[in-house]
Amino acid sequence: MGIFGIGMFISVVAFSSIYRSLWKKSVIQQIENISRDREESIQKYVSGLEDLAYNVSYSNWMQDIFQKNVNAIRMMEMQENAEDFLCSLSTLYEGNQFAAIALRGTRVTGTHDYYLDYGKDITKADWYQKFLMEGKYIEIGEGEEKGVYRGHPEWDMTVYYRVNDYNTLETTGFMVITIPMKNLKSLLDNSYENVCFVLQASDGTQICSDSSGKFQEKMEHNRDKISREGQCLSLGDGYYVLNQKISTDFFEWNLVTLTDVNQQKLNNPMLVVIFIGMLGMAGALLLVVSIVVSHYLTRPILTCKKCNVRNSE
């Protein structure tokens, strides 16, 4: 029985180590899958906006608005139609605001709640040359100096698209999509328990987050680990973090996935079954070995005992 007890103890230690290793791999795989799922959603959203901007920018009515040789009456009619269309787009895209700005001065927006800032000259922005080269630019941040609307500091993301004349390919204006914070946060909404997401700019500036108090505290105390891209790292106390880069044609963001896996052990029944099964098999094997060894050791004693009994008779 001593051999059996020692063998069981060694088996428990060995299989506990195997179980922890399998559990950790399972946790990391789950975090990677969750992060990949959210990344695909963000990519799909941004790609959808880009396709929309392209289709609107090169529609006939948009091209007509940007023309110089249109009479005043016709231009007013086109602007009214454009405003109605952009307003319907805003409703369709959950409050995103759309504006068309021509280099020659015409400006059209689909919102009646906020007014375009005619004092803002996009061509004077420090990023304008980069914008012309790449055809797209994103402004992120708060303040009235951001975006194209007056008195509208709550907008946190404005996307500019260059519009060219489809005959001459000359730049004639811009398509502007302004995205409110609530829509950015909706990209991070998730059905996973004990998981939060943080969207960051490439310089580490936080764009938006759905993190609660306990996650925010963990992030504050583990900035160095969170900044490491592509690695799923343990932050201690059952918390893991994965910083994944999201790359598109015109920006690079980082998606930080922070997970509390303290309940993960209870949610992995397969690992528990495997562990118990292997432990049971090892126990049965050790029991058989113990019986065989015990029989092997006691057989000479029993033989001697029989001989002594015969001799005494």
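Before any of the text, the structure's been laid out above.
Model, not experiment: these values are computed from the prediction.

Just checking my understanding: could you explain the pairing of strand β10 (residues 252-260) for this structure?
On any regular strand, side chains alternate: one points to one face of the sheet, the next to the other face. Burial analysis of β10 places 8 of its 9 residues in the buried class, which makes it a mostly covered element. Two elements, strand β6 (residues 195-201) and β10, share 7 bridges in a ladder whose sense is antiparallel. In the strand pairing of β10, Leu199 is matched with Leu255. Where strand β9 (residues 239-247) meets β10, 9 bridges bridge the pair, whose relative direction is antiparallel. By the bridge assignment, Ser247 is partnered in β10 with Glu252.

Would you mind going over the nonpolar core with me for this structure?
Nonpolar side chains tend to gather and get buried jointly when the protein is soluble and globular. Within the largest apolar cluster, 41 residues are counted, with the highest numbers of intra-cluster contacts made by Ile42, Met175, Ile177, Leu184, Leu199 and Trp253. By residue number, the principal contributor to this core is helix α1 (residues 2-57), which donates 7 residues. Not counting the four nearest positions on each side in its chain, Trp253 is found in contact with Ile42, Ile138, Ile140, Met157, Leu199, Gln200, Ala201, Ile207, Gln244, Lys245 and Ile246. In this structure, Ala99, Tyr149, Tyr160 and Phe174 belong to the second largest nonpolar core, which totals 13 residues.

How should the environment of Gln67 be read in this particular structure?
Within the element layout of this structure, Gln67 appears in the loop between α2 (60-65) and α3 (72-92). Put simply, Gln67 and Asp165 are 98 residues apart on the chain and 8.5 Å apart in space, counted from C-alpha to C-alpha.

Help me out: how do you make sense of the pattern of salt bridges in this one?
Oppositely charged side chains can pair when the atoms bearing their charge come close. Scanning the entire structure with this criterion turns up 4 salt bridges. In this structure, Arg38 and Asp37 form a salt bridge, with 3.8 Å as the shortest nitrogen-oxygen distance. Residue Lys136 is joined to Glu50 by a salt bridge in which the shortest nitrogen-to-oxygen separation is 2.3 Å. Of this pair, Lys136 sits in strand β3 (residues 136-140) while Glu50 is found in helix α1, placing the two residues 86 residues apart along the sequence.

Please explain the packing of aromatic side chains as it appears in this structure.
How two aromatic rings sit relative to each other is set out by the distance from centre to centre and by the angle between their planes. Evaluation of the coordinates by the stated rule reveals 8 aromatic pairs. Geometrically, the ring pair formed by Tyr93 and Phe98 is edge-to-face, given 6.1 Å between the ring centres and 70 degrees between the ring planes. Using a relative accessible area of 0% as the deciding quantity, one classes Phe98 as buried. Each ring, one from Trp127 and one from Phe131, has its centre 5.9 Å from the other, and the planes form 90 degrees; the classification is edge-to-face. Take Phe131: its relative accessible area is 0%, and that puts it in the buried class. Grouped by ring-pair contacts, the aromatic residues Trp127, Tyr128, Phe131, Tyr137, Tyr160 and Phe174 constitute a single cluster.

What should I look at first to understand the side chain of Asn243 in this one?
The topology assignment puts Asn243 in strand β9. Ignoring anything within four residues of it in the chain, the contact list for Asn243 reads Gln200, Ile226, Ser227, Arg228, Glu229, Gly230, Gln231, Asn254, Leu255 and Val256.

Just to check I follow, could you spell out the sheet that holds β6 for this structure?
The pairing of strands in a sheet comes from backbone hydrogen bonds and takes either a parallel or an antiparallel form. Pairing is antiparallel in the open sheet, where 5 strands are placed in the order β7-β6-β10-β9-β8. Strands at the two margins of the open sheet, each flanked by one partner only, are β7 (206-209) and β8 (232-236). On average, each strand axis in the sheet is inclined to that of its neighbour by 25 degrees, with strand direction left out of account. Here 3 bridges tie β6 to β7, and the two strands are oriented antiparallel to one another. Bridge pairing in β7 links Gln200 to Gln206.

I'm lost on unusual backbone geometry in this one. Help?
The phi torsion of most residues other than glycine is negative, and most of the peptide bonds are trans. In this structure, Glu94 takes a positive phi of about 55 degrees despite not being glycine. Along the chain, the position of Glu94 falls in the loop between α3 and β1 (97-102). Look at Glu94 and you get exposed, because its relative accessible area is 56%. Although it is not a glycine, Leu169 sits at a positive phi angle of roughly 65 degrees.

The rules we used
- Residues numbered from 1 in each chain as written.
- Predicted model: local features only at pLDDT ≥ 70, side-chain atom pairs only at ≥ 80, totals over all residues.
- Heavy atoms only, no water.
- Buried < 20%, exposed > 50% of the residue type's maximum accessible area, 1.4 Å probe, protein only.
- Helix = DSSP H or I, 4+ residues; strand = E, 2+ residues; numbered from the N terminus.
- Pairing = 2+ DSSP bridges.
- Core = buried A, V, L, I, M, F, W, Y, C linked by side-chain atoms within 4.5 Å.
- Contact = heavy atoms within 4.5 Å.
- Salt bridge = Lys/Arg side-chain N within 4 Å of Asp/Glu carboxyl O.
- Phe/Tyr/Trp six-rings, centres within 6.5 Å; stacked < 30°, edge-to-face > 60°.
- Axes fitted to C-alpha atoms, helices over the stretch in contact; angles between N-to-C directions.

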